[in-house]
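Listed here are the chains, written in short residue letters.
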Amino acid sequence: MFITTLLNALPGVVAQGLIWSIMAIGVYITYKILDVADLTVDGTMCTGGAVFIMLVTGGWNPWAALVAAFLSGMAAGLVTGLLHTACGIPAILAGILTQLALYSVNLRIMGQSNRPISVDKYPLLVSARNVREAALSNPILVCVLFTAATIGALYWFFGTEQGCAVRATGANPNMARAQGINTNFTTVLGLMLSNGLVALSAALLAQYQGFADVNSGRGAIVIGLAAVIIGEVLFSKVFRNFALKLLAVVFGSLIYYLVYQVVILLGLKSDDMKLITALIVALFLAVPYWKGRYFAKRTGKGAGSHA
């Protein structure tokens, strides 16, 4: 009975996992590439959905609204970046300040705490209603295309001179500056790109769920970190190419939502998922440390005694 219920829920799990994977890729840019702790995500995760819904209900084309949502996320990243680079505020505090401000901004955008949108009235690109249909309107197919396009675009960008400058800034900012790279600019650019992807994910999620809520982004950074860390721990030795590392983040997001569904089916409350997510992230963060501290030492001692 449990397996049957889980299989019935899998289409929704895959769809949501793919949508959140775009957000997780945005987190990957700041956390792994730029080496910046950015907490703007929790605010941007609502901004993208709020902008999309308000524009579509106002008569905009959904594709144009998606672009606007992406740009709104980039604007949030720009604010965080300027607070960090131009004002000298530590990145983590700059993200908290922007996230705090975005709560009021999001309320201003929507005019209220929650805004619904219906696939019956508007030509939405994805909807949970179509998740079981064998048609082009199935959100899984649409999300696969969006995810593949995101990975392809980022693979191209980070292969360009500017993209390599962003990677160099995260790897060694002092060396990057010595090579003539404006690290302030590349840091801001990385934050803008990251939050743009988060807002894009939020716009897709708002369509899929049929609403945007001012609190929908709370804890989003933890989900993004969970996807990044799960993907890295499980696939880092197999996926070494940059595009494959991004694909590992997608798999991490899918695994996270599969675990989420299993937990729900086991009878735990959805209110406990923040706690469970934190435990999952802590566990996967600790695994490399435990392997390095305990397993590697035993191997070294064994090798020494053998010699």
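Residues numbered from 1 in each chain as written. Predicted model: local features only at pLDDT ≥ 70, side-chain atom pairs only at ≥ 80, totals over all residues. Heavy atoms only, no water.

### Focus on the side chain of Thr98
Working step 1: For Thr98, the location among the structural elements is in helix H4 (residues 91-110).
Working step 2: Note on Thr98: relative accessible area 4%, which makes it buried.
Working step 3: Polar contacts involving the side chain of Thr98 include one to the side chain of Thr80, which spans 2.9 Å.
Working step 4: Each residue touching Thr98, except ones within four places of it in the same chain, is listed here: Thr40, Ala76, Val79, Thr80 and Leu83. (Helix = DSSP H or I, 4+ residues; strand = E, 2+ residues; numbered from the N terminus. Buried < 20%, exposed > 50% of the residue type's maximum accessible area, 1.4 Å probe, protein only. Polar contact = N/O pair within 3.5 Å; in protein donor to acceptor, adjacent residues only side chain to side chain. Contact = heavy atoms within 4.5 Å.)

### As for the nonpolar core
Working step 1: Among the nonpolar cores identified, the biggest contains 78 residues, and Phe52 and Phe158 are the most heavily contacted of them.
Working step 2: A total of 13 residues in this core trace back to one element, the largest contributor, which is helix H1 (residues 2-33).
Working step 3: Those residues in contact with Phe158, other than ones at most four positions away along the chain, are Ile29, Ile33, Gly163, Cys164, Val166, Arg167, Leu193 and Phe242. (Core = buried A, V, L, I, M, F, W, Y, C linked by side-chain atoms within 4.5 Å.)

### Quick word on the pattern of salt bridges
Working step 1: Scanning all chains against the criterion turns up two salt bridges.
Working step 2: Put simply, Arg129 and Asp120 hold a salt bridge, and the shortest N to O gap is 2.6 Å. Considered together, Arg129 and Asp120 belong to a single accessibility category, that of exposed residues. (Salt bridge = Lys/Arg side-chain N within 4 Å of Asp/Glu carboxyl O.)

### Side note on the packing of aromatic side chains
Working step 1: Applying the stated criterion across every chain, the model contains nine aromatic pairs.
Working step 2: Taken together, a centroid distance of 6.2 Å and an interplanar angle of 35 degrees make the contact between Trp20 and Tyr257 tilted. Taken together, the positions of Trp20 in helix H1 and Tyr257 in helix H10 (residues 242-265) put the pair 237 residues apart, joining distant regions of the chain. In this structure, Trp20 and Tyr257 share a single accessibility class: buried.
Working step 3: Ring centres of Phe157 and Phe158 lie 5.1 Å apart, and the angle between their planes is 75 degrees; this geometry places the pair in the edge-to-face category. (Phe/Tyr/Trp six-rings, centres within 6.5 Å; stacked < 30°, edge-to-face > 60°.)

### With respect to the packing of H1 against helix H5 (residues 139-157)
Working step 1: Direction vectors running N to C along H1 and H5 enclose 20 degrees, while the axes themselves pass 9 Å from each other. In terms of orientation, H1 and H5 fall into the roughly parallel class. Relative to H5, the crossing made by H1 is left-handed. Two secondary-structure elements touch here, H1 through Pro11, Val14, Ala15, Leu18, Ile19, Ser21, Ile22, Ile25 and Ile29 and H5 through Ile140, Cys143, Val144, Phe146, Thr147, Thr150, Ile151 and Leu154.
Working step 2: Residue composition of the contact of H1 with H5, by class: 14 nonpolar, three polar and no charged. (Axes fitted to C-alpha atoms, helices over the stretch in contact; angles between N-to-C directions. Parallel < 35°, antiparallel > 145°, perpendicular 65-115°, else oblique. Left-handed = near helix turned anticlockwise from the far one by under 90°. Nonpolar A, V, L, I, M, F, W, Y, C, P; charged D, E, K, R; others polar.)

### A closer look at the confidence of the model for the protein
Working step 1: In the predicted model, the protein carries a mean pLDDT of 89, and the fraction of residues at 70 or more is 96%.
Working step 2: Model confidence for the protein, summarised as mean pLDDT per element, is weakest for helix H11 (residues 273-306) at 69 and strongest for helix H3 (residues 62-85) at 96.
Working step 3: Low pLDDT, under 50, characterises residues 299-307; the predicted model gives this stretch zero contacts beyond four residues in sequence or across chains. (pLDDT = per-residue confidence, 0-100.)

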